[in-house]
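Structural overview
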Amino acid sequence: MTRLSPRNALRRAAGLLAAAGLLAVVPLAGAAAPARADEPPVFTLGGPAETGLQPYRAGGGPKPSRLGITVTAPSGEEGTGFAGRFTLTFDLSGVVGVADVAFDGAASGTETSDGGASGAGASGGGAAPDCEVTGAKAVCVGTGVRPGTHPVAALVVTAAAGGERGDSGTITVTGEAEGAAFTPFTTRVTVGGPDLVMEELPFRTELVPGDRQQAPITFANRGAGDAEGVLLTLRYTRGLDIPQRYSNCRYSEDDPGPSGVGRTTALCTVEGAFEAGEAYTLATPLTIEATERAYRDTFLYRIEEAGPPRPAPAAFERGDGAVLRAVPVTGPQNRAAGRTADPTPHDNQREADFRTENTADFAAYGDRVSGVRGATVTADVGFRNVGPAWIGHLRSGEDVAVVDFTVPRGASVVAKPDRCRAVTAAGEYREDQRSPAPRYLCPTSPAVHDGEGLDLPFALRIEEVLIGAEGEVTVRAPSARNPALPFDPAPANNTARLVLNAGGDGDGGPSTPPTSNPGPDASPSGAPATSAQGGGAAGASGGSDSGTGSGHGGGLASTGSDALTVAGAAAVALTAGLALVAAARRRTGRHS
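The structure contained in this document is the topic of the report that follows. Residue numbers run consecutively from 1 along every chain, following the written order of its sequence. It should be noted that, the model being predicted, local features are given only for residues of pLDDT at least 70 and side-chain atom pairs only at 80 or more, the latter also being counted only at that level, while totals for whole chains, interfaces and linings use all residues. Based on all heavy atoms of the structure, the side-chain values leave hydrogens and waters out of the count.

Let us now look at the packing of aromatic side chains. Here a pair means two rings of Phe, Tyr or Trp (six-membered ring of Trp) with centres within 6.5 Å. Their orientation is stacked below 30 degrees between planes, edge-to-face above 60, and tilted elsewhere. This structure, assessed with the given rule, holds 17 aromatic pairs. An angle of 85° between the planes, with centres 6.1 Å apart, marks the rings of Phe-203 and Tyr-301 as edge-to-face. Here the residue Phe-203 occupies a position in the loop between β15 (196-198) and β16 (206-207), and Tyr-301 occupies one in strand β25 (residues 296-305), the gap between them amounting to 98 residues. For Tyr-301, a relative accessible area of 1% gives the class buried. Consider the rings of Phe-299 and Tyr-301, whose centres lie 5.3 Å apart with planes at 20°: the pair is stacked. When its relative accessible area of 0% is taken as the criterion, Phe-299 is described as buried. Through successive ring pairs, a cluster of aromatic residues spans Phe-203, Tyr-236, Phe-299, Tyr-301 and Phe-354. Above the ring of Tyr-251, the side-chain terminus of Arg-245 is found at 4.5 Å from the ring centroid. Only runs of H or I of at least four residues qualify as helices and only runs of E of at least two qualify as strands under DSSP, and these elements are numbered from the N terminus. Accessible area is worked out with a 1.4 Å probe on protein chains only. A residue is then buried under 20% of its type maximum, exposed over 50%, and partly exposed in between. Any Lys NZ or Arg CZ found within 6 Å of a ring centre and within 35 degrees of that ring's normal is scored as a charge over the ring.

Spelled out as structure tokens, the structure:
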């Protein structure tokens, strides 16, 4: 009897699932069926449909393959998870004489509900299961299943001694729990078959916008059997482009929103028999282009056996160009009949990182709002990436920038965007996040697209009417010690002002955020662009007095001019007599 190290098994499983980097492209299993409130939750067990094994090598020992099992629970409004104990049973009788199975320990990562991987975690989102193997049966006991898809077990599978190429069998996983149901899962294990390996290309990685280079993608079949058709996956970030659109490829921008990187994915099905021992390259090399918005970008290229036809995902559109083909580089060697899964999928994929000499102008914008004492007004502040480049921290996952907002005197914040946190006037940590603070820090996501940024509505209560009171809006690097944005060539517009009760007619300036590439007759701050996860200012309602409400009077970018400062000082000096002057003008108008 073999006992699994519980937490390590879960971590190893997640690492296996995340290693390919393409879980979002080719799901492992269907989503769990949502349950009504009066029905028990139904969880779906899943994993790879087929796992290939290297043939047993006499005197050299077996070479293992790894098989990760997942559980999917309803997510979103339908999903509440499951807190009870569950039992998974593995029927290994179908692979007796074909393969030897053990449970693995130690890995990292947890697969998320969208098929990606993040962080280190435990099985099913609950306590790591404890597994025991006895003969042709394994039982795992765990506690808790969170909504989404998560790893629950990692199996190490090797070809059995005395087996032959083409030997095949199945492993079936079932689950049970009080108050929940599990959809069973069966996976196939086969000895022998193709082993596809993607060759690494010698790209130029230091680029300037407009650079193009060829990508003669080359792969080899180093296995014991032919591959009947291959699936070539290309995935590249926002600053890159492949101008060709092949008719046997399907294309999608899978996360084009403000918080996503905006990768383009191409799934290309290439027909033919790709023989064992032979290398192949594309009949016509691809072209990789660094576009005008390139900065830090990645290109992923992956090869795998096509397998049975798959339904096209709804988000993918077929290209309308020529057919993408692959042709042999060398002659066939060691040919073997049959088709099975790839026993070493970790070498099917390569990635390249590119650095493009480019810039992005982050321009802050402020506002002008007015209100009487006790009124609540909404001030819209934030910034725009005027371009030309998009900025993404793909490897580190760090925020690109932070909006640093100092509240004007005479006002207090009664509602803020969710992403913003309260700090002290010096920018230090503040434990109290509920009561009004003098300053707020609002981080971006790890990607800021060209033409996008953050829109941050703050609900302010006018505590005291101070004519021309100013707050500051600055977009800067996340570190206050090194606030400069290294990609921004125009730091002068990184700061803007929020002005309360400016008084008089004032120089209000434009009332909307800046946009990229304004035309010759356009204002530097054109129509507002789409919000980049700014978050709403909940509870921003009128105060006990009517007030003016949101003035939306200015994208007041700080440019070094003293005009606004002089106007503000004059307004303050005239505060005491402002009402009398206005009344005198009205009387003069009536008697003229």
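Right, picking up where we left off after that structure.
In plain terms, two cysteine sulfur atoms within 2.5 Å form what is called a disulfide here. Applying the stated criterion across every chain, the model contains two disulfides. One disulfide in the model links Cys-249 with Cys-268; its S-S distance is 2.0 Å. When the S-S torsion is 110°, as for the bridge of Cys-249 with Cys-268, the disulfide is right-handed. With Cys-249 in strand β21 (residues 249-253) and Cys-268 in strand β22 (residues 264-274), this residue pair connects regions lying 19 residues apart in the sequence. Judged by relative accessible area, Cys-268 falls into the buried class, the value being 0%. There is a disulfide in this structure between Cys-420 and Cys-442, and the S-S distance comes to 2.0 Å. In this structure, the disulfide formed by Cys-420 and Cys-442 twists by about 110° around the S-S bond and is classed as right-handed.

Time to look at the sheet that holds β21. Any two strands with at least two DSSP-identified bridges between them are counted as paired. With mixed pairing, seven strands are arranged side by side in an open sheet as β16-β28-β25-β19-β22-β21-β26. Either end of the sheet is taken by a strand with one partner, and the two such strands are β16 and β26 (317-318). In terms of strand pairing, β25 meets strand β28 (residues 349-356) through seven bridges, oriented antiparallel. Paired with Arg-296 across the two strands is Arg-355, which belongs to β28.

On to the side chain of Thr-356, then. Looking at where Thr-356 falls in the secondary structure, it is placed in strand β28. The class for Thr-356 is buried, based on a relative accessible area of 3%. Contacts are assigned to residue pairs with any non-hydrogen atoms lying within 4.5 Å of each other. Ignoring anything within four residues of it in the chain, the contact list for Thr-356 reads Leu-207, Val-208, Pro-209, Ala-290, Ala-294, Tyr-295 and Arg-296.

A side-chain nitrogen of Lys or Arg and a carboxyl oxygen of Asp or Glu constitute a salt bridge if their distance falls within 4 Å. As enumerated under the stated definition, the model contains 15 salt bridges in all. Residues Arg-439 and Asp-404 are paired through a salt bridge, measuring 2.5 Å at the closest nitrogen-oxygen approach. With Arg-439 in strand β36 (residues 439-443) and Asp-404 in strand β33 (residues 402-406), this pair connects stretches of sequence that are 35 residues apart. Residue classification places Arg-439 among the buried residues on the basis of a relative accessible area of 15%. Here Asp-404 falls in the buried class, since its relative accessible area comes to 6%. The partner of Arg-497 in a salt bridge is Glu-470, with the nearest N and O atoms 3.9 Å apart. Of the two residues, Arg-497 sits in strand β40 (residues 495-500) while Glu-470 sits in strand β39 (residues 469-476), which places them 27 residues apart along the sequence.

Any functional reading would require information beyond the geometric quantities listed.
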